[in-house]
Amino acid sequence: MSQIKFGIVGTSPIAKKFIMACKDIPEILIYGVYSRTEEMGSQFAKEMNIPHVFTNYKAMLETEDIDAVYVASPNAYHFEHVDLALEYHKHILCEKPFTSNSKELNCLIEKAKDKKFLMMEAMKPLAMPTYHTIKENLNKIGEVRKIVFNFCQYSSKYPAFLKGENPNIFNPEFSAGALMDIGIYCIYPCIDLFGMPKSMKCNANKLANGIDGSGSILFDYQDKEAVIMYSKMNDSSLGSEIMGELGSMFIDHISSPTRIELRQKGKESEIISEGLKYDPMYYEVREFTDVLLEGKTESDKYSYKLSCGVMSVLDEVRRQVQVIFPADKSL
Ligand SMILES: NC(=O)c1ccc[n+]([C@@H]2O[C@H](COP(=O)([O-])OP(=O)(O)OC[C@H]3O[C@@H](n4cnc5c(N)ncnc54)[C@H](OP(=O)(O)O)[C@@H]3O)[C@@H](O)[C@H]2O)c1
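Residues numbered from 1 in each chain as written. Predicted model: local features only at pLDDT ≥ 70, side-chain atom pairs only at ≥ 80, totals over all residues. Heavy atoms only, no water.

### A short note on unusual backbone geometry
Right, on to step 1. The linkage connecting lysine 96 with the following residue, proline 97, adopts the cis geometry, with an omega of -15°.
Right, on to step 2. Within the element layout of this structure, proline 97 appears in the loop between strand E5 (91–95) and helix H5 (102–115).
Right, on to step 3. Although it is not a glycine, lysine 116 sits at a positive phi angle of roughly 60°.
Right, on to step 4. Along the polypeptide, lysine 116 turns up in the loop between H5 and strand E6 (119–122).
Right, on to step 5. By relative accessible area, lysine 116 is classed as exposed at 61%.
Right, on to step 6. Phi at glutamine 322 is positive, roughly 60°, even though this residue is not glycine.
Right, on to step 7. Relative to the elements of secondary structure, glutamine 322 occurs in the segment after helix H10 (304–321). (Helix = DSSP H or I, 4+ residues; strand = E, 2+ residues; numbered from the N terminus. Buried < 20%, exposed > 50% of the residue type's maximum accessible area, 1.4 Å probe, protein only.)

Okay, here's the thing in structure tokens:
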């Protein structure tokens, strides 16, 4: 395979961002888009210059011209969209969070392994060069003792929720809420860099419909602790920081690190990474492309072990704060 032809699921702004990121990857061709409505699909296809529109998902998957599917539907639909795409022998790039819970994820991983198709979760920082700068410089701050990862962003959909509307992102029916939407960006690097915690304590600020609007987690690693903070009800000007006995690393945005400052004891602080050549989304798509064209079925950077570890943390946080999704009852 030298070219990857993609079918897209979903027509929201993130799908547009994905297509824009693909423009810098010559091996990718966007073949078609699936939308629930002809009107939305055609409008999206026209704007993004996509040749084929499907209003029937199976019909898109039946097209042998499509090699891979990018799934950007609401979280609760990831499982059925990925499951069916695997059934039709497609490789998958699925938006975060992979699924609603571990049961669903384990089921998909088993299927992807069985069918020998690449399946990857679109967790953009993992492939960003700035994230690798963090990894490479971690040894310079000595034994890590405290981690504070923070991502708080006032949601553009929150005013609608306050007015009594029911936007998808605050609706438990869609396996949504602050943890699944943005808390995950703090959890991923923490598990990737420091492994699974020995235990965790969690708190959530829940909205009237039972979904979490914000939350905090304390990971106990015994020799260090991590404080995770996330919210969709307020902004924050705090960044994130990894603190060691010999210094610290300050990260501007944990979901999309750009500017990283290394502060070593007794030395001038140093900016070790500033700016990116491409859009942050480019790097995960580049990784997906490289892994697939190399003929591999799992990315080292986006291992199933890591995805499963993160999903088990999401499950445990929700168990502790009692955020329950309809999808939890289904499998
Ligand atoms: N990586 C990132 O930076 C990033 C950023 C934002 C979102 N995301 C992820 O991308 C995914 C989509 O998020 P979003 O906020 O774009 O979601 P969304 O707007 O609620 O829905 C995405 C698309 O799914 C379809 N859809 C909407 N409601 C649906 C329903 N009730 N049933 C079936 N399909 C429905 C719509 O397409 P049609 O109307 O055309 O069918 C819509 O464009 C989520 O998993 C989210 O976590 C990632």
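### What to know about the layout of surface pockets
Right, on to step 1. In this structure, the largest pocket spans a volume of roughly 1,600 Å³.
Right, on to step 2. Considering the residues around the largest pocket, the lining is formed by 44 residues, among which Ser12, Pro13, Ile14, Ala72 and Lys157 are closest to the centre.
Right, on to step 3. Elements represented by at least two residues in the lining of the largest pocket include exactly helix H1 (13–22), helix H4 (75–87), helix H8 (178–194) and helix H9 (280–293).
Right, on to step 4. The element best represented in the lining of the largest pocket is H4, accounting for 6 residues.
Right, on to step 5. For the lining of the largest pocket, the per-class residue count stands at 20 nonpolar, 14 polar and 10 charged.
Right, on to step 6. Split by domain, the lining of the largest pocket shows at least three residues from each of two domains, domain 1 (4–123) and domain 2 (126–281 + 311–329). (1 Å grid on protein atoms, 1.4 Å probe; cavity = no way out; pocket = protein on both sides within 12 Å on 5 of 7 lines; lining within 4 Å. Points joined across faces, edges and corners; volume = space filled by probe spheres on them. Nonpolar A, V, L, I, M, F, W, Y, C, P; charged D, E, K, R; others polar. Domains from an automatic or database assignment.)

### Focus: the environment of phenylalanine 44
Right, on to step 1. Mapped onto the fold, phenylalanine 44 is located in helix H2 (residues 38–48).
Right, on to step 2. Here phenylalanine 44 falls in the buried class, since its relative accessible area comes to 3%.
Right, on to step 3. If near-sequence neighbours (up to four positions away) are discounted, phenylalanine 44 is found in contact with Gly10, Thr11, Ser12, Ala15, Lys16, Ile19, Val33 and Ile50. (Contact = heavy atoms within 4.5 Å.)

### Looking at the pairing of strand E8 (residues 199–206)
Right, on to step 1. Bridging between E8 and strand E9 (residues 212–220) involves 8 bridges; their strand directions are antiparallel. Bridging from a neighbouring strand, lysine 206 pairs with aspartate 212 of E9.
Right, on to step 2. Where E8 folds back on E9, the antiparallel hairpin that results is connected by 5 residues, among which glycine 210 adopts a positive phi of roughly 95°. (Pairing = 2+ DSSP bridges.)

### Looking at the domain arrangement of the protein chain
Right, on to step 1. Taken domain by domain, the protein chain consists of domain 1 (4–123) and domain 2 (126–281 + 311–329).
Right, on to step 2. In this structure, domain 1 and domain 2 have C-alpha centres spaced 26 Å apart.
Right, on to step 3. Contacts between the two partners involve 23 residues from domain 1 and, on the opposite side, 21 residues from domain 2.
Right, on to step 4. Carbon and sulfur atoms supply 61% of the area that domain 1 and domain 2 bury against each other, a total of about 1,700 Å² over both sides.
Right, on to step 5. When residues of domain 1 are sorted by the area they lose upon contact with domain 2, Lys96, Ser100 and Met123 head the list and together hold 32% of the total.
Right, on to step 6. Where domain 1 packs against domain 2, one counts 1 salt bridge.
Right, on to step 7. With its nearest N and O atoms 3.2 Å apart, the salt bridge here joins aspartate 181 to lysine 96.
Right, on to step 8. When contributions to the side of domain 1 that touches domain 2 are tallied by element, the ones reaching two or more residues are H1, H4 and H5. (Buried area = accessible area lost by both parts, 1.4 Å probe. Salt bridge = Lys/Arg side-chain N within 4 Å of Asp/Glu carboxyl O.)

### Observations regarding the nonpolar core
Right, on to step 1. In terms of nonpolar packing, the biggest core is built from 111 residues, with Phe18, Phe219 and Ile242 touching the most fellow members.
Right, on to step 2. In terms of residue count, H8 provides more of this core than any other element does, 13 residues in total.
Right, on to step 3. Apart from residues no more than four positions distant in its own chain, phenylalanine 18 is found in contact with Phe6, Ile8, Ile30, Tyr70, Leu93, Met281 and Val285. (Core = buried A, V, L, I, M, F, W, Y, C linked by side-chain atoms within 4.5 Å.)

### Description of H5
Each turn of an α-helix holds 3.6 residues, which means side chains three or four residues apart point in the same direction.
Right, on to step 1. Along its 14 residues, H5 runs 20 Å from first to last C-alpha, staying within 8% of the 20 Å computed at 1.5 Å per residue.
Right, on to step 2. Those residues of H5 not exposed but buried are Ser102, Glu104, Leu105, Leu108, Ile109, Lys111 and Ala112.
Right, on to step 3. With a side-chain oxygen positioned 3.3 Å from the backbone nitrogen of lysine 103, the residue opening H5 is asparagine 101.
Right, on to step 4. Positioned one or two residues after H5, lysine 116 has a phi angle of 60°, which is positive. (Expected span 1.5 Å × (residues − 1). Polar contact = N/O pair within 3.5 Å; in protein donor to acceptor, adjacent residues only side chain to side chain.)

### Points about the sheet that holds E5
Right, on to step 1. Strand order across the open sheet formed by 6 strands is E3-E2-E1-E4-E5-E6, with parallel pairing between neighbours. Each end of this open sheet is capped by a strand with a single partner; those strands are strand E3 (52–54) and E6. With direction set aside, neighbouring strand axes in the sheet form an average angle of 25°.
Right, on to step 2. In the sheet, strand E4 (residues 68–71) pairs with E5 via 4 bridges, with the strands oriented parallel. The partner of valine 71 across the bridge, within E5, is cysteine 94.
Right, on to step 3. Where H2 meets the sheet, it contacts strand E2 (28–34) and E3, and its direction lies at approximately 160° from that of E3. (Axes fitted to C-alpha atoms, helices over the stretch in contact; angles between N-to-C directions.)

### Here's the deal with the packing of H4 against H5
In a pair of packed helices, the angle between the axes and the distance between the axes together describe the arrangement.
Right, on to step 1. Close contact between H4 and H5 brings their axes to 10 Å; oriented N to C, the two are set at 15°. On the basis of their axis angle, the class for H4 and H5 is roughly parallel. As for the relative orientation of H4 and H5, their crossing is left-handed in sense. Residues Phe79, Val82, Asp83, Leu86 and Glu87 of H4 pack against Glu104, Cys107, Leu108, Lys111, Ala112 and Lys115 of H5.
Right, on to step 2. Residue composition of the contact of H4 with H5, by class: 6 nonpolar, no polar and 5 charged. (Parallel < 35°, antiparallel > 145°, perpendicular 65-115°, else oblique. Left-handed = near helix turned anticlockwise from the far one by under 90°.)

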